[in-house]
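# Topology and contacts: notes
Spelled out from the first residue to the last, the chains are:
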Amino acid sequence: MNAKYSFHLTSQDRRRDLPPKIILGQQDTETITHVALKFLAYVIFFRERLQIETNLHMDNIPFVPDLVQLDYELRPRLWVECGECSVNKLNKLAVKVPDSEIWVVKRSLPAAEHLFQAMAKEELRRNRYNLIALDEEMVEEFCGLIRPRNELLWVNGEFDPPNLQFDFNGLWFDALFTLLRF
């Protein structure tokens, strides 16, 4: 592990009862942007039983998701990939986790559109994937603020219309994001 980051969380959103603290590790091959995307995806998708980088110990699923929510029978219901994700992996996920919502969180709209076009070129199954394209400037600014110890005050996050409002390490963020359905 390259580094560890702790995030102290407070939520003003009654629908998101965030835990008081989470710790994310940065693996040797991960960038700070990947850590930031995992963290932002965690607070955007927060729900009961949401787990970060959990090895599912299932022979038929050889992948470790960035985020996953398991049902009571320990089958994935939500699968979230952050940052770089191959089209081949997404194609396999559609088969391996047929009952799961599959989301990909990208740092920018051009990155999400590039993935979308690659998925179309490879003729992946339609109506199976959701992509979130965050605001690139927001992600860059967020990455620049990440320290070993961090504070987040979550105010609001909606999918309709897609927007985020939060304070991170003393800086206010009010940003839109884009949803793409494939």
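These figures come from a predicted structure and were not determined experimentally. (Residues numbered from 1 in each chain as written. Predicted model: local features only at pLDDT ≥ 70, side-chain atom pairs only at ≥ 80, totals over all residues. Heavy atoms only, no water.)

## Points about the overall build of the protein
Stated precisely, the cut-off is as follows: The secondary structure listing takes helices from DSSP runs of H or I that are at least 4 residues long and strands from runs of E that are at least 2 residues long, numbered from the N terminus. The reference for a compact globule is 2.2 Å times residues^0.38; the radius of gyration itself is calculated from the C-alpha atoms. Exposure classes here rest on a 1.4 Å probe applied to the protein chains alone. A residue is buried below 20% of its type maximum, exposed above 50%, and partly exposed in between. Residue burial considers only the protein chains on display, and all accessible areas are found by Shrake-Rupley using a 1.4 Å probe. Working convention for charge: Lys and Arg count positive, Asp and Glu count negative, and His plus the chain ends are omitted. To locate a charge, take NZ of a lysine, CZ of an arginine, CG of an aspartate or CD of a glutamate.
Each helix and strand in the protein was counted, giving four helices and 11 strands. For 182 residues, the compact-globule formula gives about 16 Å, and the C-alpha radius of gyration of the protein, at 16 Å, lands near that figure. Across its three principal axes, the protein shows a C-alpha extent of roughly 45 × 35 × 35 Å. For the protein, the residues scored as buried account for 49% of the 182 residues in total. As displayed, the protein offers around 9600 Å² of accessible surface, 48% of which is attributable to carbon and sulfur atoms. Between the centroid of the 22 positive side chains of the protein and the centroid of its 27 negative side chains there is a distance of 5 Å.

## Digging into the sheet that holds strand 3 (residues 50-52)
Hydrogen bonds between backbone atoms are what pair the strands of a sheet, whose relative direction is either parallel or antiparallel. Put simply, the rule is: Pairs of strands are assigned from DSSP output, requiring at least two bridges between the strands. The convention used is that axes are lines fitted to C-alpha atoms, helices contributing only their stretch in contact, and that angles between N-to-C directions extend from 0 to 180 degrees.
Taken in spatial order, the six strands make up an open sheet running 3-4-5-6-7-11, and their pairing is mixed. Each edge of the open sheet carries a strand with a single partner, namely strand 3 and strand 11 (178-181). The mean angle between the axes of side-by-side strands here comes to 20°, regardless of whether they run parallel or antiparallel. Across four bridges, strand 4 (residues 67-70) lies against strand 5 (residues 76-82) in antiparallel orientation.

## Here's the deal with unusual backbone geometry
That bond from D160 to P161 is cis: its omega, -5°, falls within 30 degrees of zero. One non-glycine residue, H57, lies in the positive phi region at around 50°. Position of H57 relative to the elements: it lies in the loop between strand 3 and strand 4. Phi is positive for N169, close to 50°, though the residue is something other than glycine. Examined against the element boundaries, N169 turns out to sit in the loop between strand 9 (162-168) and strand 10 (171-176).

## Examining the pattern of salt bridges
Condition: By convention in these notes, a salt bridge is any Lys or Arg side-chain nitrogen within 4 Å of a carboxyl oxygen on Asp or Glu.
For the coordinates displayed, the defined rule picks out 14 salt bridges. We note a salt bridge from D71 to R77, for which the minimum N-O separation is 2.7 Å. Of the residues examined, D71 reaches a relative accessible area of 12% and is grouped as buried. R77 sits in the partly exposed class, given a relative accessible area of 25%. Linked by salt bridges that have partners in common, D71, E73, R75, R77 and D99 make up one network.

## Digging into the environment of P162
Cut-off, in case you're wondering: Here, residues are in contact when the closest pair of their heavy atoms is within 4.5 Å.
Relative to the helices and strands, P162 resides in strand 9. Separated by 47 residues in the primary sequence, P162 and L115 place their C-alpha atoms 20 Å from one another. Non-local contacts of P162, meaning those with residues more than four positions away in its chain, are made with L176, F177 and L179.

## Some remarks on the pairing of strand 5
Side-chain direction in a regular strand flips from residue to residue, so the side chains alternate between the two faces of the sheet. Worth spelling out the cut-off: If you view a crossover with the strands going away from you and the path from the first strand over the helix to the second runs clockwise, you call it right-handed.
For strand 5, the tally of buried residues reaches six of seven residues, placing the bulk of the element in the interior. Here strand 4 folds back onto strand 5, and the loop between the two strands holds five residues, one of which, L74, carries a positive phi near 65°. By the bridge criterion, five bridges tie strand 5 to strand 6 (residues 101-106) in an arrangement that is parallel. Its bridge partner lying in strand 6, W79 is registered against I102. Once the chain exits strand 5 it traverses helix 2 (residues 87-96) before rejoining the sheet at strand 6, and the crossover so formed is right-handed.

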